[in-house]
Amino acid sequence: MEIKIGVVESPRELLVNSDLSPDEVEALVAGALDGKQPVLTLSDDKGRRFVIPSARISYVEIGASDSRKVGFA
């Protein structure tokens, strides 16, 4: 699944491809935004870990992975 995270005062968004379900991601984001957790921590499908300060999150877009291929296959 593809997760796009907008960060305050940053022109670029953070793109994470994760094996988590949309409900799991939503629960993690809600926990980070309600003030109980100072950071949002997500792991991608390659095992990398992303730690984003909760106060710096402007938006989170949760969607399916885009399976389109561009170029030669």
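Per an unreviewed UniProt entry, the recorded name for the chain is ATP-binding protein, and the organism is Kutzneria kofuensis.

J.: I'd like a rundown of the nonpolar core, residues and numbers included.
T.: If you look at the biggest cluster of nonpolar residues, it comprises 12 residues: M1, I3, I5, V16, V25, V29, A32, L40, L42, F50, I52 and I57. Of all the elements in the fold, those that place two or more residues in this core are β1 (2-7), α1 (22-33), β3 (39-43) and β4 (49-53). If one sorts the elements of this core by residue count, α1 sits on top with 3 residues. In this view, L42 contacts I3, I5, L20, L28, R48, R49 and F50; residues no more than four positions away in its chain are not counted.

J.: Tell me what's going on with the pairing of β3, and back it up with residues and numbers.
T.: Only one face of β3 is buried, namely the one carrying L40 and L42, since none of V39, T41 and S43 on the opposite face is buried. Two strands pair when backbone bridges link them, and β3 and β4 are joined in this way by 5 bridges, in the antiparallel orientation. When the sheet's bridge partners are listed, L40 is paired in β4 with I52. Where β3 hands over to β4, the hairpin turn is made up of 5 residues, of which G47 adopts a positive phi near 90°.

J.: How would you summarise α1 if you had to cite specific residues and measurements?
T.: In a regular helix each residue adds 1.5 Å, so 12 residues correspond to 16 Å; α1 covers 16 Å between its end C-alpha atoms and thus fits that length. Where α1 is concerned, the buried positions are V25, V29, G31 and A32. Down the axis of α1, the smallest arc covering the buried residues is 160°, so these residues share one side. Turned more than 90 degrees away from the buried face of α1, the exposed residues are D23 and A27. Summarising the contacts, the buried residues of α1 are in contact with β1, β3 and β5 (57-63). Just downstream of α1 lies G35, where phi reads positive at about 95°.

J.: Tell me about the sheet that holds β1, and name the residues and values.
T.: In spatial order, the strands read β2-β1-β5; together these 3 strands make up an open sheet with antiparallel pairing. Two strands in the sheet have a free side with no partner beyond their single neighbour: β2 (13-17) and β5. Going across the sheet, the axis of each strand differs from the next one's by a mean of 15°, ignoring polarity. With respect to the sheet, α1 is in contact with β1 and β5, its orientation differing from that of β5 by roughly 170°.

Scoring rules and cut-offs
One numbering rule holds for all chains: residues counted from 1, following each sequence as written. Owing to the predicted nature of the model, reporting of local features is limited to residues with pLDDT of at least 70; listing and counting of side-chain atom pairs is limited to 80 or more, with chain, interface and lining totals taken over all residues. Water and hydrogen atoms play no part in the side-chain values, which are based on all heavy atoms of the structure. Definition of nonpolar core: a set of buried residues of the types Ala, Val, Leu, Ile, Met, Phe, Trp, Tyr and Cys, connected through side-chain atoms within 4.5 Å. Between buried and exposed lies partly exposed: a residue is buried under 20% and exposed over 50% of the maximum accessible area for its type, with that area taken using a 1.4 Å probe on protein chains only. For the purposes of this entry, the term helix denotes a DSSP run of H or I that reaches at least four residues, the term strand denotes a run of E that reaches at least two, and both are numbered from the N terminus. For this analysis, residues touch if any pair of their heavy atoms sits within 4.5 Å. Here, any two strands with at least 2 DSSP bridges between them count as paired. Every helix has an expected span of 1.5 Å times one less than the residues it contains. The directions considered for the arc run from the helix axis to the C-beta atoms. Angles run from 0 to 180 degrees between N-to-C directions of axes, and those axes are lines fitted to C-alpha atoms, restricted for helices to the stretch in contact.

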